[in-house]
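# Examining the three-dimensional arrangement
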Amino acid sequence: MKKYDAIFILNDRKYEDGGEAFSKKVEEQIVALGGGDVTVKNMGRKQFARAIGKRTSGLYLRFFLNLPEDKVSEFIESYRLDNTVLRTVVYNYEIPENPVTLDLNK
């Protein structure tokens, strides 16, 4: 299992509850795919620099989760045709053991 960071941009007109119902649905799907340890951060409604379709703003939800590597594509694909989801991105959230540091004072 690996750690991932998933960000969803939702059509803010479709969710009256601030995305609570959507976040519960995502959490249930993560557990069904064999994942767990889900943390949800509601980042609120934000204006876009450029419109997505006819939408000029969206509701941002960020999920930190553990998921088997072979289930990530299935997780992403399940939201591809959802008309309430404007954008989805999933990042690998593994932090390297020995991160590279730069000394800019040289």
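Figured I'd write up the structure that's included with this text. Quick caveat: nothing in here was measured; it's all calculated off a predicted structure.

Let's shift gears to unusual backbone geometry. At Asp 37, a residue that is not glycine, the phi angle is positive and equals roughly 50°. Note on Asp 37: relative accessible area 58%, which makes it exposed.

A contiguous nonpolar surface patch, about 430 Å² in accessible area, is contributed by Val 100, Leu 102 and Leu 104. Turning to its location among the elements, Leu 102 is positioned in the segment after strand E4 (85-92).

It is worth spelling out the side chain of Asp 82 at this point. Positionally, Asp 82 belongs in the loop between helix H2 (72-77) and E4. There is a polar contact of 3.5 Å between the side chain of Asp 82 and the side chain of Lys 25. In terms of polar contacts, Asp 82 uses its side chain to reach the side chain of Thr 84, at 2.9 Å. With sequence-adjacent residues up to four places away left out, Asp 82 is seen in contact with Phe 22 and Lys 25.

What follows covers the sheet that holds strand E2 (residues 36-52). What the 4 strands build is an open sheet, ordered E2-E3-E1-E4; its pairing is antiparallel. One side of each edge strand has no neighbouring strand; the edge strands of this open sheet are E2 and E4. Each neighbouring strand pair of the sheet contributes to a mean axis angle of 20°, computed without reference to strand direction. Where strand E1 (residues 2-10) and strand E3 (residues 55-67) come together, 9 bridges link them in antiparallel fashion. In the strand pairing of E3, Asp 5 is matched with Phe 64.

This part takes up helix H1 (residues 20-32). For H1, with 13 residues, the first-to-last C-alpha span of 18 Å sits near the 18 Å given by 1.5 Å per residue. Those residues of H1 that fall on the buried side of the exposure criterion are Phe 22, Ser 23, Val 26, Gln 29 and Ile 30. End-on, the buried residues of H1 take up no more than an arc of 120°, which puts them together on one face. Exposed residues on H1 whose side chains face more than 90 degrees from its buried face are Lys 24, Glu 28, Val 31 and Ala 32. In this structure, the buried residues of H1 make contact with E1, E2, E3, H2 and E4. A positive phi of about 95° marks Gly 34, the residue just after H1.

Rules of the game
- Residues numbered from 1 in each chain as written.
- Predicted model: local features only at pLDDT ≥ 70, side-chain atom pairs only at ≥ 80, totals over all residues.
- Heavy atoms only, no water.
- Buried < 20%, exposed > 50% of the residue type's maximum accessible area, 1.4 Å probe, protein only.
- Patch = residues over 30% accessible without salt bridge, like charges linked within 9 Å, V, L, I, M, F, W, Y side chains within 5 Å.
- Areas by Shrake-Rupley, 256 points an atom, 1.4 Å probe, with all protein chains shown as cover.
- Salt bridge = Lys/Arg side-chain N within 4 Å of Asp/Glu carboxyl O.
- Helix = DSSP H or I, 4+ residues; strand = E, 2+ residues; numbered from the N terminus.
- Polar contact = N/O pair within 3.5 Å; in protein donor to acceptor, adjacent residues only side chain to side chain.
- Contact = heavy atoms within 4.5 Å.
- Pairing = 2+ DSSP bridges.
- Axes fitted to C-alpha atoms, helices over the stretch in contact; angles between N-to-C directions.
- Expected span 1.5 Å × (residues − 1).
- Arc of directions from axis to C-beta.

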